Amino acid sequence: MSTAEALAVADVVEPSDRTKSGSPRMIPVFGAVIRDDDMQGIFKPMDLNRIIKLLEEDDKDDSEEKQLSYIKKLVHCYQNGFPLRDLVQIFKILSLCAEKLERQPCFVEPASDLIKLCGLPFLKKKVSDEITYTEDTANSLALLGELMKIPNSKLRIQICKCIIDFYHAEPPKKHIPGYQQVSSSYKIKMAEIGGLAKAVVESVLLLENQLVEKLWVLKVLQHLSTSEVNCTLMVKAQAASRICAHLNDPDPSGQLLFRSSEILWNLLERSSKTEIIQQLSNLECLLALKEVFKNLFIRGHSHYERQLRNDILVITTIIAQNPGAPMIECGFTRDLILFATFNEVKSQNPLVKSLKLSNSYEDFELKKLLFNMIIILCKDLTTVQLLIDGKVILALLTFVKKPERLKIIEWSAAQYEELQLHALATLSSVAPLLIEEYMSCQGNVRVLAFLEWCDHEDNFFIHGNSFHGTGGRGNKFAQMRYTLRLLRAMVHLEDETVNTDLCEKGVIHQLIGIFKNMISRPDEKEEAIALEIQSDILLILSGLCEHNIQRKEMFGSEGVDIVLHVMKTDHKKLQIGLGHNVLLFSTLDCIWCCILGCYTSEDYFLEEEGIFLLLDILALNQKKFCNLILGIMVEFCDNPKTSAHVNAWRGKKDLTAASLLIKLWRKEEKELGVKRDENGRIVDTKKPLLTSFQKEQKIMPLPANCPSIAVMEVAENIRAKIYAVLGKLDFENLPGLSAEDFVTLCIIHRYLDFKVGEIWNEICEEVKLENLKLVTADEKSLQSIIAATENIGKMVASLQNEMIESQARQDVQNEQRVYAKIQATHKQRELANKSWENFLARTSNAKTLKKAKRLQEKAIESSKYAERPHNATYHQTLIKGLNTTVPSGRVVTVESTPVRLLGGPLADTDIALKKLPVRGGALQRVKVKTLNESKKSIPI
């Protein structure tokens, strides 16, 4: 400790603490009491530079004892930890001691004591010391790793203990006045910055024959590998290959294998897995893993050994994912296949002759890991022969059967269920590679029998407690799902032997029956899995029927019914995300493969309004379905009955199929970036179909067998299919089209001509790029073709203009009709208003009323015959005393005048009753009393 620090410690003494007697003074620090004589034992003023200078001097007779004395004093002074500010000098002293070890072994003990003190928490005087001395601390700790290269066992072990103390530091027994401990993670972080882990890994090569030191180093690496930074440094130092290559070294304690596997696990989890796999993919590492796994598999019986065996297998599985790993060359693949199948297929191999797995959790996990290893190994085609020799298909097919309750099996019900599902998943990957083995083991018979059991209603239901059993609790959906995946994998190989064998055993009717049963027993809880099963059924049927008319006939009306059922599903479910989209794709594929080409199925599909359902889905305007539906429509239109159905379809707002197809064309061209004006007319008559992608791509000379951009573009969008459908519907008789539709239809009608012209333009450009000179006849022909294409474009543009102008005139005429109707309405209102004004004038002005009366009488007289016919009866048409000037009936009620004032509507008229009530007026109701009723209203 420097003199300034000693003075700082002394400054904490208060004057009041001094006593008059000669007793030692008391210093309260952090609630503890420290005496003066104690503090002398904690820090003593020492000149560290002097010690360094003394160690750097040439050795003299008395210098060694003096150097050792000073180092011992230094150790005693810093027995509670090193301050951060002194680390550089202290580690300089430590490195000088290390240099003297070879000639002066007496320095081993002082150096070991100094290293031991490095395991204690460092001390800081200020809060900022951790930041201030970051670089010095990191470089000092890195020196510990360099000291591992010194060939001294005691020193190396002490360094390892010191580094381990970083992770298990104990607080000092005494508190240092004026100093605080650095945080517990500070040392770990500084070790990461200094690259201590890399130096420790490099020291492993120096310890090949020194087991004790090697175990200490592995223990250190086990602690260091808990950090991602350290793992990255260790990977750069080739830690994985260096550790793995020595897994099989002799070790009676068993710690070497345990700690090495733990380090490899940490490296795989916290660093680049690709780099680790690359380091372990060599013959030396795989041979070591092979021997370790084999020994643990055969001789390991304890719980710990079985866990370690499984860990080694997982590490091997990760390595096997690298195609370049020499798994076959080292014989590891053959042994793994043997271990995976020995329980199901009896083998005389001495490795497994007397071996048997138990139903313990570790052995159960081992069985699943071996199944998973087979899936990984079969990705390398060179493994196929080993799979055949190991009878892998036969071993896996032993699980494809219903559980036998009466038979005593080594696995529990839940374990057997999970292994069964895992075996089915493994078969889906392996069986397509081993078709002959699959057929020789009667694979189709076993699979279809198991599938029948899955569809059968009985009291057996699985637990659904594994990854493969997800969603299968309380039903058999999990088994059915993986069985159908296996069938799908086999069918889509398009191997005629397999498909014929399946059809002969009635797979088509069996699958249709399963589909119908699922429809009749919906399970909303597992809807996603049910949809997946239905999709697989339809895909299997598509694979079986695609190129065989007899199988399409077997599909028949029952198959069409299940297809129609799916198509009638509520379209809102397509947005849920449970799998309805996949099911719909499978259904459309099934229409293409199982219905098209079979006339009876096509007719039944049309009779059941299948085309209407297809157009309903097309009207959803979802691009992912359009291409496939339009392809189906093109094929269906070859049937002469289809056109009537297509033309009869109506969508929302009375949308017709032709109008829908033309709208899809416009949308597609907008997405492709085709130039059109605001009315949809052609802008470039030379290249009317050119897309933005074609503009960006430069024309390049290509061989004759390579399609050009214009040809490839046909298959990359739906325009050609729309042209084909409209062409088969007859361009001239399309119902429900607007003027805009007709403008677009002109382009569609000439699509083929435009496409041919586009290809000829490409040919012309290629000829120019290749600097070819055509003969006169060919050049004239090429120019004529290009000119003809341009003329067609101009003609279509002219026709479009005429249509637009005609529509504009029609719009003007319609507008004039509307205006005429509006004018007539206004005139009628004016006449009504005028009539009302005349009526008001007659009722409010007597002169006007009299004038109107005279005009009325004059009009009546003028309407009469000038000469009365002979023998004619004359009827009086006027009512005398009637003061109105409007046509009236026999009774007129004026509601504006109270009845009580006038005596009734017919008072004082010629047709009034002769006998009037006392109150006068026309007929009125009066109330009289009778014998039966107290009061009753009767007319009098």
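See above for the structure.
This report concerns the structure included in the present document. (Residues numbered from 1 in each chain as written. Predicted model: local features only at pLDDT ≥ 70, side-chain atom pairs only at ≥ 80, totals over all residues. Heavy atoms only, no water.)

1. As for a positive patch on the surface
A cluster of basic residues, Lys847, Lys850, Lys851 and Arg854, forms a positive patch at the surface. Along the chain, the position of Lys847 falls in helix H43 (residues 846–862). Residue Lys847 is classed as exposed on the basis of its relative accessible area, which comes to 69%. (Patch = residues over 30% accessible without salt bridge, like charges linked within 9 Å, V, L, I, M, F, W, Y side chains within 5 Å. Areas by Shrake-Rupley, 256 points an atom, 1.4 Å probe, with all protein chains shown as cover. Salt bridge = Lys/Arg side-chain N within 4 Å of Asp/Glu carboxyl O. Lys, Arg positive; Asp, Glu negative; His and termini not counted. Charge placed at Lys NZ, Arg CZ, Asp CG, Glu CD. Helix = DSSP H or I, 4+ residues; strand = E, 2+ residues; numbered from the N terminus. Buried < 20%, exposed > 50% of the residue type's maximum accessible area, 1.4 Å probe, protein only.)

2. Section: a negative patch on the surface
Together, Glu558, Asp561, Glu607, Glu608 and Glu609 make up a negatively charged patch on the protein surface. Along the polypeptide, Glu608 turns up in the loop between helix H32 (599–607) and helix H33 (610–618).

3. Considerations on the packing of helix H42 (residues 776–844) against H43
Look at H42 against H43: their axes get within 5 Å of each other, and the N-to-C directions meet at 115°. In terms of orientation, H42 and H43 fall into the roughly perpendicular class. Contacts between H42 and H43 pair Ala841, Arg842 and Ser844 from the former with Ala846, Thr848, Leu849 and Ala852 from the latter. Residues that form the contact of H42 with H43 fall into these classes: four nonpolar, two polar and one charged. (Axes fitted to C-alpha atoms, helices over the stretch in contact; angles between N-to-C directions. Parallel < 35°, antiparallel > 145°, perpendicular 65-115°, else oblique. Contact = heavy atoms within 4.5 Å. Nonpolar A, V, L, I, M, F, W, Y, C, P; charged D, E, K, R; others polar.)

4. Observations concerning the environment of Val220
Structurally, Val220 can be placed in helix H12 (residues 211–224). Overall, Val220 belongs to the buried group, its relative accessible area being 1%. Between the alpha carbons of Val220 and Lys161 there is a distance of 8.0 Å; along the sequence they are 59 residues apart. Discounting chain neighbours no more than four positions away, the residues touching Val220 are Cys160, Ile163, Ile164 and Val200.

5. Looking at the nonpolar core
Residues Leu221, Phe555, Ile591, Phe605, Leu614 and Leu726 are the most contacted members of the largest nonpolar core, which totals 237 residues. In this view, Leu614 contacts Met567, Leu588, Ile591, Phe605, Ile629, Ile632 and Met633; residues no more than four positions away in its chain are not counted. (Core = buried A, V, L, I, M, F, W, Y, C linked by side-chain atoms within 4.5 Å.)

6. Describing a nonpolar patch on the surface
Residues Leu752, Val756, Trp760 and Ile763 make up a contiguous nonpolar surface patch of roughly 320 Å² in combined accessible area. Note on Val756: relative accessible area 39%, which makes it partly exposed.

7. Quick notes on helix H4 (residues 63–77)
Given a rise of 1.5 Å per residue, 15 residues ought to cover 21 Å, and the 21 Å separating the end C-alpha atoms of H4 matches this to within 8%. Along H4, the residues that are buried comprise Ser63, Gln67, Leu68, Tyr70, Ile71, Leu74, Val75 and Cys77. (Expected span 1.5 Å × (residues − 1).)

8. Focus on the packing of H33 against helix H34 (residues 623–636)
Running from N to C, H33 and H34 point in directions that differ by 150°, and their axes come no closer than 10 Å. Regarding the angle of H33 to H34, the classification is roughly antiparallel. Handedness of the H33/H34 crossing: left-handed. Here H33 contributes Ile611, Leu614, Leu615, Ile617 and Leu618 to the contact with H34, which in turn contributes Phe625, Cys626, Ile629, Leu630, Ile632, Met633 and Phe636. Split into classes, the residues belonging to the contact of H33 with H34 amount to twelve nonpolar, no polar and no charged. (Left-handed = near helix turned anticlockwise from the far one by under 90°.)

9. So, the pattern of salt bridges
Here the structure, examined in full by the defined rule, presents 33 salt bridges. Residue Asp363 is joined to Arg309 by a salt bridge in which the shortest nitrogen-to-oxygen separation is 2.9 Å. One end of the pair, Asp363, is in helix H20 (residues 361–377); the other, Arg309, is in helix H18 (residues 303–320), with 54 residues separating them in the sequence. By relative accessible area, Asp363 is classed as buried at 2%. Through salt bridges with shared partners, one network takes in Glu669, Arg676, Glu713, Arg719, Lys755 and Glu758.

In short, shape yes, function no, at least from these values alone.
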